[in-house]
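Close look at the chain arrangement
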Amino acid sequence: MSKSLKRVTQALSEAALSCDILAMDGETRTAAQAAEQAGCLLDQIAKSIIFQGTDSGTVYLFVTAGGNMVDADKAAHLTGEPLGRADGKTVRAVTGFAIGGVSPVGHLSPPHSYFDPRLDDFDTIWAAAGTPRHIFAIQPADLLRISGAKRADFTA
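Residues numbered from 1 in each chain as written. Predicted model: local features only at pLDDT ≥ 70, side-chain atom pairs only at ≥ 80, totals over all residues. Heavy atoms only, no water.

Assigned secondary structure in the protein chain consists of five helices and eight strands. Counting from the amino terminus, the protein chain carries its helices and strands in the arrangement α-β-α-β-β-α-β-α-β-β-β-α-β. Its C-alpha atoms give the protein chain a radius of gyration of 14 Å, near enough to 15 Å, the size a compact globule of 156 residues would have. Oriented by its inertia axes, the alpha-carbon framework of the protein chain measures out at about 40 × 30 × 30 Å. (Helix = DSSP H or I, 4+ residues; strand = E, 2+ residues; numbered from the N terminus. Rg over C-alpha atoms; globule rule 2.2 N^0.38 Å.)

Here it is in structure tokens:
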């Protein structure tokens, strides 16, 4: 088991959640790939999108429904500074995950996090489990709680 997958497993266990982490046959790097592998709707995929403050260098996590896009202006308003996409090196250094497998939980250094209310429309959502081939199902309220995210409007 990879270190990334172990951290996600540990985070779920420490939160007293018994989420099954599934190893998929195909890749789950994109929301569309993950939805196809999970057999769910695109918006049931909880994407982890990482931005970085252009002034402070602070890393921010936006957990959004698979079909939604982060609106840079709305996101910047939430964080109080202009944002840019974090590069792969920064994402790995802060979260411990490679782009395409970033989980909303189990980060090396938990970033400031925001949660798309669209995810609340489902009983079950799916999130990356730290690798491009592992996902887990979870209730939106549980993911919100254990990720430490704040529910906010940041989508286009």
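Next comes the rest of the description.
Here strand 3 (residues 59-65) lies mainly inside the structure; seven of its seven residues are buried. Here strand 2 (residues 45-53) pairs with strand 3 via seven bridges, running antiparallel. Counted as the bridge partner of Lys-47 is Thr-64 from strand 3. Counted between consecutive antiparallel strands, the loop separating strand 2 from strand 3 contains five residues, among which Gly-57 sits at a positive phi close to 80°. (Buried < 20%, exposed > 50% of the residue type's maximum accessible area, 1.4 Å probe, protein only. Pairing = 2+ DSSP bridges.)

Before going further, it helps to examine the pattern of salt bridges. All told, the structure shown has six salt bridges when counted by the stated rule. With a closest N to O distance of 2.7 Å, Arg-118 and Asp-121 form a salt bridge. Residue classification places Arg-118 among the partly exposed positions, given a relative accessible area of 30%. Here Arg-145 and Asp-142 are joined by a salt bridge, their closest N and O atoms 3.6 Å apart. Remark: Asp-142 and Arg-145 occur in helix 5 (residues 140-147); sequence separation between them is three residues, near one turn of the helix. On the basis of relative accessibility, which here comes to 19%, the residue Asp-142 falls in the buried class. Three or more residues are tied together by salt bridges with common partners; here these are Asp-43, Arg-118 and Asp-121. (Salt bridge = Lys/Arg side-chain N within 4 Å of Asp/Glu carboxyl O.)

Further remarks concern the side chain of Thr-90. Following the sequence through the fold, Thr-90 ends up in helix 4 (residues 88-95). When residues no more than four places from it in sequence are discounted, the contact partners of Thr-90 are Gln-52 and Val-59. (Contact = heavy atoms within 4.5 Å.)

Moving on to the nonpolar core. By size, the foremost hydrophobic cluster in this structure holds 30 residues, and its most contacted members are Leu-12, Phe-136, Ile-138 and Leu-143. Put simply, the parts of the chain that give this core at least two residues each are helix 1 (3-14), strand 2, strand 3, helix 4, strand 6 (125-128), strand 7 (134-138) and helix 5. Apart from residues lying up to four places away in sequence, Leu-143 is in contact with Ala-46, Val-63, Pro-104, Val-105, Phe-115, Ile-125 and Ile-138. Core analysis: the second largest hydrophobic core is formed by eleven residues, Phe-51, Tyr-60, Phe-62 and Ala-76 among them. (Core = buried A, V, L, I, M, F, W, Y, C linked by side-chain atoms within 4.5 Å.)

A few words on helix 4. For an α-helix the count is 3.6 residues per turn, leaving residues at separations of three or four pointing the same way. Within helix 4 the residues assigned to the buried category are Thr-90, Val-91, Val-94 and Thr-95. Buried residues of helix 4 fall within an arc of 100° about the axis and therefore sit on the same side. Facing away from the buried side of helix 4, by more than 90 degrees, are the exposed residues Lys-89 and Ala-93. On its buried face, helix 4 is in contact with helix 1, strand 2 and strand 3. Two to three positions downstream of the cap, the backbone nitrogen of Lys-89 sits 3.2 Å from a side-chain oxygen, assigning the N-cap of helix 4 to Asp-87. The first or second residue beyond helix 4 is Gly-96, which carries a positive phi of 90°. (Arc of directions from axis to C-beta. Polar contact = N/O pair within 3.5 Å; in protein donor to acceptor, adjacent residues only side chain to side chain.)

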